[in-house]
Amino acid sequence: MENLPGGRTTTLPTRDPSLPAAYAEALEAQALPPLWAALHVLLPAERVTRAVPHRWRWRETRPLLLEAARLVPIALAERRVLVLENPGLKGTYAITATLYAGLQIILPGEAAPSHHHTPAALRLVVEGHGAYTTVDGVKCAMEPGDLIVTPPMRWHDHGHEGHEPVVWLDGLDLPLVRALDASWASAMRPAAKPSADIDSSQDEFTAAGLVPRGSRYADTGYPQVRWPWTSVRRALAAMAAAAPADRPVALRYVNPKTGAPPLATLGAEAQWLRPGERTQASRRTSSAVCHVIEGRGETRVGDAVLAWEEGDTLVVPPWHRVEHRNLSPSAPACLFQFNDEPVLRVLGLWQEETAP
Ligand code: 1HN
């Protein structure tokens, strides 16, 4: 895998210098570039990405978020977010060619107004208590480690009834949707009172393998929009207690009625690393954003070794070999990730290679 500036969005060669000048000009005048001038850039012999492995340390991003909350009124920003922009993709607001990630902060009493848009979004709560996101009228509590999804074109807003700043990680398919020229958002409007004060993870989807015969929630195609961290952690711990030591302990978040990814374009997973565990190296054609929910360790991504602790976020560009290590001799580590795997799969492009 190469992190080349020859990647996707740079301008392609359109001229063959060996052609007679008059002919080359005629081609240009007719908007007819010769394919052979660019064929091996369009179809490289080795996979190419401009995205590079990178880590954002929570101890560095946190004070900058708190400062944003002092400097920028929510009414002005609408969404108070510092974007995790890949250093190889400057000026794109993208963390990989397809994925967007940002850290959003909201203060007690603040409200981020309601809107809807074509990109799909998910939120993973990093710190703080008492905030909520309302998705299509359903009020979803936001506690540390909780995952909330806002599918395309669903109204959503954020509020805060607690006493300390709340920060979450936003993940969107925005660069992908922009590449499709399909990015659009409604105007903002003040949040309406939620129609349901709790979400289905609290009353209808409380146990794996059970789905309600009839639901009190509107049938939106997304029966579950919140996955509380307490449930996910309990499931990981049970799996870790039973699994052989050489089996990875990882769970995929799915639509509980269909088993499909939680969003058409975005997959999400939680992984439990036992004390001292080192995962088998593997690479995938999908890209991913990993967030440390608890613990400390290091991850090799391609040639980079990124040390991490609670609250840190890492980016894994496509086809980069990944190997996680929990550096604690006594405590587990929990990593969350979101990825574009569903897109690669539906296009027939998903591949994984595990080192022997
Ligand atoms: C968005 O709608 C939110 O609703 C956060 O909280 C981040 C980044 C790009 C586009 C839309 C939100 C976003 C976003």
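Residues numbered from 1 in each chain as written. Predicted model: local features only at pLDDT ≥ 70, side-chain atom pairs only at ≥ 80, totals over all residues. Heavy atoms only, no water.

**Observations concerning the site of the ligand**
Lining the immediate surroundings of the ligand are Arg79, Tyr100, Gln104, His115, His117, Arg123, His156, His158, Asp170, Leu172 and Leu174. In the model, an oxygen atom of the ligand is placed 2.8 Å from a nitrogen or oxygen of the Arg79 side chain. Between the ligand and His158 there is a distance of 2.5 Å, counted from an oxygen atom to a side-chain nitrogen or oxygen. When the ligand sits alone it has 330 Å² of accessible area, and the protein chains cover 86% of it. For the shell around the ligand, the elements supplying multiple residues, two or more each, are β3 (100-106), β9 (156-160) and β10 (166-172). When its residues are assigned to classes, the shell around the ligand shows three nonpolar, five polar and three charged. (Near = heavy atom within 4 Å. Polar contact = N/O pair within 3.5 Å; in protein donor to acceptor, adjacent residues only side chain to side chain. Areas by Shrake-Rupley, 256 points an atom, 1.4 Å probe, with all protein chains shown as cover. Helix = DSSP H or I, 4+ residues; strand = E, 2+ residues; numbered from the N terminus. Nonpolar A, V, L, I, M, F, W, Y, C, P; charged D, E, K, R; others polar.)

**What about helix α6 (residues 229-242)?**
Taking 1.5 Å per residue as the helical rise, α6 with its 14 residues ought to reach 20 Å, and the 20 Å between its terminal C-alpha atoms agrees with that figure. Those residues of α6 that sit buried are Trp229, Val232, Leu236 and Ala240. All buried residues of α6 fall inside an arc of 70° around its axis, so they share one side. Relative to its buried face, α6 has exposed residues pointing more than 90 degrees away, namely Thr230, Arg234, Ala241 and Ala242. Considering only its buried residues, α6 is in contact with β11 (226-227), β12 (249-252), β13 (267-273), β15 (288-294) and β20 (333-339). (Expected span 1.5 Å × (residues − 1). Buried < 20%, exposed > 50% of the residue type's maximum accessible area, 1.4 Å probe, protein only. Arc of directions from axis to C-beta. Contact = heavy atoms within 4.5 Å.)

**Structural notes on the sheet that holds β12**
Strand order across the open sheet formed by six strands is β1-β18-β15-β20-β13-β12, with antiparallel pairing between neighbours. Strands at the two margins of the open sheet, each flanked by one partner only, are β1 (54-56) and β12. The average undirected angle you get between the axes of adjacent strands in this sheet is 20°. In terms of strand pairing, β1 meets strand β18 (residues 313-316) through three bridges, oriented antiparallel. Bridging from a neighbouring strand, Trp56 pairs with Thr313 of β18. Where α6 meets the sheet, its contacts fall on β12, β13, β15 and β20, and the angle it forms with β12 comes to roughly 140°. (Pairing = 2+ DSSP bridges. Axes fitted to C-alpha atoms, helices over the stretch in contact; angles between N-to-C directions.)

**Focus: the sheet that holds β9**
Across the sheet, which stays open at both edges, the four strands sit in the order β4-β9-β6-β7 with antiparallel pairing between neighbours. With one partner strand each, in any of the chains shown, β4 (111-115) and β7 (138-142) form the two edges of the open sheet. For this sheet the average axis-to-axis angle between neighbouring strands, irrespective of direction, equals 20°. Summarising the sheet, strand β6 (residues 131-135) and β7 pair through five bridges and their orientation is antiparallel.

**Comments concerning the pattern of salt bridges**
Across all of its chains, the model carries 18 salt bridges by this definition. Two residues, Arg154 and Asp136, come together in a salt bridge whose shortest N-O distance is 3.4 Å. Residue Arg154 is found in the loop between β8 (147-150) and β9, and its partner Asp136 is found in the loop between β6 and β7; the two are separated by 18 residues along the sequence. Residue classification places Asp136 among the partly exposed positions, given a relative accessible area of 34%. (Salt bridge = Lys/Arg side-chain N within 4 Å of Asp/Glu carboxyl O.)

**Description of helix α3 (residues 58-71)**
Under the 1.5 Å per step criterion, the end-to-end length of α3 is 20 Å for 14 residues, consistent within 8% with the ideal 20 Å. Within the sequence span of α3, burial applies to Trp58, Thr61, Leu65, Ala68 and Ala69. Buried residues of α3, viewed axially, fall in a sector of 100°; they line one side. Projecting away from the buried face of α3 at angles above 90 degrees are the exposed residues Arg59, Arg70 and Leu71.

**Some thoughts on the nonpolar core**
With 49 residues, the main nonpolar core has Tyr253 and Phe336 as its most contacted residues. Residues contacting Tyr253, with those up to four places away along its chain left out, are Leu147, Trp227, Trp229, Val232, Pro261, Pro262, Ala268, Glu269, Ala270 and Phe336. Leu306, Leu314, Val316 and Ala333 belong to the second largest nonpolar core, which has twelve residues in total. (Core = buried A, V, L, I, M, F, W, Y, C linked by side-chain atoms within 4.5 Å.)

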